[in-house]
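Coordinates in review
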Amino acid sequence: MPSSVLWAVDLFGRVFTLSTAGQHWEPCRDTQLEFKRVSAARDCCWGIACDHQVYVLVGASDVPIRCQEEAYENQRWNPVGGFCEALLPSDRWPCSDVSGLQHRPLDGVVLPSPHWEWESDWYVDENFGGEPTEKGGWTYAIDFPATYTRDKKWNSCVRRRRWIRYRRYKSQDTWAKIPSEDDPQQLPDPFSDLSVGGWEVTDEPVGRLSVWAVTLQGKVWYRENVSHHNPEGSSWSLVDTPGEAVQISCGPHDLLWVTLWEGQALVREGINRNNPKGSSWSTVEPPTSENGILHVSTGVCVVWAVTKDRKVWFRRGVNSHNPCGTSWIEMFGEMMMVNVGLNDQVWGIGCVDRALYFRQGVTQSELSGKTWKAIVAGREGDRSLSGSSISLLSAGCFFGNEVRSSAESCGPGDTDASWEVPGPASSPARLRGKESKKGPSHATANFPEATDLSSLTLLPLGLEEPESADCHALWAWVSGGGCAVEAHTTLKWFTTQSGLSPSAQTLSLSITPAQTAAWRKQIFQQLTERTKRELESFQHYEQAVEQSVWVKTGALQWWCDWKPHKWVDVHVALEQLTGNDGAQDSILFVYYVVHEEKKYIHVFLNEVTALVPVFNEAKHSFALYTPERTRQRWPVRLAAATEQDMSDWLTLLNLSCCESRRLHGRPSPQAIWSVTCKGDIFVSEPGLDLEAPERRLPCDQMFWRQIGGHLRVVEANSRGVVWGIGYDHTAWVYTGGYGGGCFQGLASSTSNVFTQWDVKCVRVYENQRWNPVTGYTSRGLPTDRYMWSDATGLQECTKASTKPPSLQWTWVSDWFVDFSVPGGTDPEGWQYASDFPASYHKYKTMKDFVRRRCWARKCKLVTSGPWLEVTSVALRDVSIIPESPSAQGSGPNIALWAVSDKGDVLCRLGVSELNPEGFCWMHVGTDQPFTSVSIGACYQVWAVARDGSAFYRSSVSPSRPNGNLWYRQGVTPSHPQGDSWEHVSNNVRHVSVGPLDQVWVIADKVQGSHSLSRGTVCRRTGVQSLEPKGQGWDYGIGGGWDHLSIRASATRAPGSSSPKPASKQNGQPPSVAVAPWETPSPVCC
């Protein structure tokens, strides 16, 4: 998982962060402010300073926070002077908003706060509905309001044009004060507590937050319109409560609890997507009548509380349907406060020692956890080493264990600062009567930097912190709302090197990585020379064994070729023959029985073109493709009893196939990369005959080998730079290894293989038909689709019967309504239509007799592969410049463009062969969100906007959807945007063009021997200078392919004539729904 941070405030008001990948507290950059408490989210942190005012800190990002301001200029036609600003009294304002009801002059639009700045001046938007308007950006209509068109007609009496201007949030990575209200009567009282949450109430990509606050007079306030594009919000609104509030806690979903002065707790009900403030309050009594609730903290499905006697309590039975829960359970320990973070993980601050504790053992099956463990991470500002101790440490590299043992004898005895629950360590913490009275104050915990904890209570609060940091930090508040800790995550918070500061710990590194690399290289050279000398003494001996045979047998299941097709039990045997020249040949035998007669089929592994794992609910199966079976669309499909058996066979077969073809190690820089619809990554090495004009290698004879990992999109460059994007929009960069996942041992590299994860949504549709008596109901006509189905309506899919895509995936959320489906939805998530299937819309009309609603559930995959996460910026698309090895003038940097999941266009700086991940993003301003981008060999950049329009410099034209492949005519270096589009094919899902003008596509509806296949790898044949469109298609392996990148394949056949540079066709002609893009200027990385 990517690193996240834990926020905390010490007794002196200083804010610190602790990374899940780090071991030391980092002070907040803005050290001038002193805070009382903070509440963190994923990308920001809210806090209350000592002046009782609210501040927000938005983390720095390469993608700026931009907000668009718009105003409309309205004019009416006059018989004397034509169009002018003289409007009728009943008309709208000359300058208004889109509705025309509000007056909005250009000079009257001001910045909401000093934390914003203007990017540019006002300018006219000349794009209307994906098409260019006439000069001036005017659109015409008969009257206000009406349907506007970009063409002026004889009855066009009114016109309007859109002015836009962007403002940028500039106060990133610093504390920004929330502006106060203009009206003194509406100004909230000084704040005493606040809480941030609600980012998972909906699945909308706007990044909306719910910010709640409590004032000193016990009033509860809600901050309106807080989102990613408006991190400050707009205003405070008062929420009535039946009592005076003391403290408040808001969870990531819809849980909101408030603590009252009397000791009860209030629970907010009715919080949902359309009403984030909720509707009513419910009262929850404290665990005991003697001691009321002092502090409360909520998560997704948990509520923790601290009573006035400092006892910790866990609320049982809390969920979205029952936010009040059922009963209290007393937990072990005494705390000042507790905080529930992401994944319902819990942190607390000890009652007496003021130390920070983490609740271990919190899982989905055991939300209460098992034990408290102290966090002993040091702080960067600590000075716990004297000059003599540093000198002693420096001498440790010479005296070794002598210095280490003497240092250990002088340090504290036991560094284990955790509390273990009485009884077995594996048992959960439960209510144990008097045992629950024991707390952190009674634990004999020794800290690395403290030998006497009793002195901590004598430290006056008003005094400054002493220079000597021999005692551990005294914490006042903690917030884990932005800290993601998984159950399997290994944290470094609980160990320290005998209290050494980070600066002192670096002194113990006596050998640098450069010295280690030189030492290894020297040993390797010496071993190589020794082996060479020893082999020379035995060259005159005859070969003892000319060839060897190795056999592996096992029991699998085989999907038989004849009808009725079914799984049959078979015995398999893999025979591997090794000749005296070291060449290896392997044969796979499948023995089966038909009508009591033993038969077999065999497959030569040097003829296998692909080994594909097939994950489903019932079988651990995989498929073997050969050229003949690829043409038949009928591979050899085998299944193992367990996932481990399947992984073993896949690893062995994949290794044998690679050895028979003499393919070892990482793919070459010119490899062809592809991704299947399951997310599996495959590469194919292009031979010299792949693009030969004569005797061209057919696509069905190409060998594809699997590379570990899981991606949705992959993009490659001929200099070895490969990027990928997962289903959760996480960007990954190729590290140079191979294997991982189910490929282990010899089939995987020993380095450059890391843990990788991916998250995707599984969707089902709820369908209903209108009944004249009861309205919309789940009872449809006999000819209707299933009332619970997939998107097509052909397969029945209920929420109860729907499972993750394979056994590798696990559910990480409950079912929720998906409001992001194309076409929009009503407030309840329904889409309406006249009948099944039809065009759906979000508003109900008199002719709508059916409706549907999309339900989604998130699942997660954890695997391994040669991939590293690039950045925290989520991406939708990425494109790397195609380069030919013979290209002149190619610099060290490689141009890489991308589109974020929010539609921002980005250019990656510093990408090179030695640094494929680059350094940072450079934002390129656009007038609207984009969805796709492509860069050509001469730095031409094309992209598609979210409204379907496509942009290139000085040209705007509509895109062509529905899987049509188009060719842009008239593209030349002096006229790179071309002249017109010409249709080529209508069954293309994805297209990729290489540096040699190779055209490869992923096509649907390709005829096979048994049925039409979806996702077939195809190559365009006959692409020449005189006929750049090509003549026909060469079909490869069919079924299951989703994405392909040919942009790294720059291997020319010997003796072939050099084609025209790929730049004349922009490197990558338009794919599905792609046309030219307008950029401010060609930006070169």
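The structure reproduced in this document is the subject of the present report. None of the values given here were measured: they were computed from a predicted structure. (Residues numbered from 1 in each chain as written. Predicted model: local features only at pLDDT ≥ 70, side-chain atom pairs only at ≥ 80, totals over all residues. Heavy atoms only, no water.)

Moving on to the pairing of strand β40 (residues 636–640). For β40, the tally of buried residues reaches 4 of 5 residues, placing the bulk of the element in the interior. Sheet topology note: the strand β39 (residues 620–625)/β40 ladder contains 5 bridges and is antiparallel. For A623, the partnering residue across the bridge sits in β40 and is R637. (Buried < 20%, exposed > 50% of the residue type's maximum accessible area, 1.4 Å probe, protein only. Helix = DSSP H or I, 4+ residues; strand = E, 2+ residues; numbered from the N terminus. Pairing = 2+ DSSP bridges.)

Here we take up the nonpolar core. In terms of nonpolar packing, the biggest core is built from 34 residues, with L6, W25, W175, W347, I375 and W493 touching the most fellow members. Counting residues per element, this core draws most heavily on strand β1 (residues 5–10), at 4 residues. V870, V878, V905 and A943 belong to the second largest nonpolar core, which has 32 residues in total. (Core = buried A, V, L, I, M, F, W, Y, C linked by side-chain atoms within 4.5 Å.)

With that out of the way, let us pick up the side chain of R785. Within the secondary structure, R785 sits in the loop between β48 (775–777) and β49 (788–789). Among buried charged residues, R785 stands out as having no salt bridge; its nearest opposite-charge side chain is D790, 6.5 Å away. A polar contact of 3.4 Å, which involves the side chain of R785, links it to the backbone oxygen of T792. Discounting chain neighbours no more than four positions away, the residues touching R785 are N767, A791, T792, G793, F836, P837 and Y840. (Lys, Arg positive; Asp, Glu negative; His and termini not counted. Salt bridge = Lys/Arg side-chain N within 4 Å of Asp/Glu carboxyl O. Polar contact = N/O pair within 3.5 Å; in protein donor to acceptor, adjacent residues only side chain to side chain. Contact = heavy atoms within 4.5 Å.)

The subject of this paragraph is a nonpolar patch on the surface. There is a patch of nonpolar side chains on the surface, built from W519, I523 and L527 and spanning about 310 Å² of accessible area. Relative to the helices and strands, I523 is located in helix α5 (residues 513–536). (Patch = residues over 30% accessible without salt bridge, like charges linked within 9 Å, V, L, I, M, F, W, Y side chains within 5 Å. Areas by Shrake-Rupley, 256 points an atom, 1.4 Å probe, with all protein chains shown as cover.)

Before going further, it helps to examine unusual backbone geometry. Looking along the chain, the bond that leaves F144 and enters P145 is cis, with omega of -25 degrees. Its place among the elements puts P145 in the loop between β14 (139–141) and β15 (158–169). The backbone phi angle of R310 is positive, close to 70 degrees, even though this residue is not glycine. Relative to the helices and strands, R310 is located in the loop between β26 (303–307) and β27 (311–316). Under the relative-accessibility criterion, R310 is labelled partly exposed at 23%.

Over its 18 residues, helix α7 (residues 643–660) runs 26 Å from end to end, which matches the ideal 26 Å to within 8%, given 1.5 Å per residue. Along α7, 13 of the 18 residues are buried, which leaves the element largely enclosed by surrounding structure. Count one or two residues on from α7 and you reach R662, which has phi positive near 55 degrees. (Expected span 1.5 Å × (residues − 1).)

The antiparallel open sheet is built from 4 strands, whose spatial order is β17-β18-β19-β20. Of all strands in the sheet, those bounded by a partner on one side alone are β17 (191–197) and β20 (236–239). With strand direction ignored, the average angle separating the axes of adjacent strands in the sheet is 25 degrees. Sheet analysis places β17 next to strand β18 (residues 210–215), joined by 6 bridges and oriented antiparallel. Opposite F191, over in β18, you have T215 as the bridge partner. (Axes fitted to C-alpha atoms, helices over the stretch in contact; angles between N-to-C directions.)

The final tally for this structure, using the stated rule, is 29 aromatic pairs. For the ring pair W347 and F358, a centre distance of 5.4 Å and an interplane angle of 50 degrees mean the geometry is tilted. Here W347 is found in strand β29 (residues 346–350), whereas its partner F358 is found in strand β30 (residues 356–360), with 11 residues between them in sequence. The exposure class of W347 is buried, given its relative accessible area of 0%. For F358, a relative accessible area of 5% translates into the label buried. Clustering of aromatic rings is evident, with ring pairs tying together W7, F35, Y55 and W175. We note K760 situated over the ring of W809; from NZ or CZ to the ring centre the distance is 5.5 Å. (Phe/Tyr/Trp six-rings, centres within 6.5 Å; stacked < 30°, edge-to-face > 60°. Lys NZ or Arg CZ within 6 Å of the ring centre and 35° of its normal.)

Where strand β59 (residues 930–935) and strand β60 (residues 941–945) come together, 5 bridges link them in antiparallel fashion. The residue of β60 that forms the bridge with V933 is A943. Counting the residues between successive antiparallel strands, the hairpin from β59 to β60 contains 5 residues, one of them, Y939, with a positive phi of roughly 65 degrees.

Let us now look at the pattern of salt bridges. For the structure shown, the criterion picks out 21 salt bridges. Taking the shortest distance from any N to any O, the salt bridge between D193 and R37 comes out at 3.1 Å. Of this pair, D193 sits in strand β17 while R37 sits in strand β4 (residues 35–40), and the two are 156 residues apart along the sequence. R37 carries the same exposure label as D193, and that label is buried. The closest approach of N and O atoms between E119 and R168, which form a salt bridge, is 2.6 Å. Taken together, the residues span a long stretch of sequence, with E119 in the loop between β10 (116–118) and β11 (123–124) and R168 in strand β15 at a distance of 49 residues. Residue classification places E119 among the partly exposed residues on the basis of a relative accessible area of 30%. What you see here is one network of salt bridges that share partners, running through R66, E119 and R168.

By the secondary structure assignment, R769 is in strand β47 (residues 754–771). Given the relative accessible area of 13%, R769 is considered buried. Here the side chain of R769 touches D835 through a polar contact of 2.8 Å, side chain to side chain.

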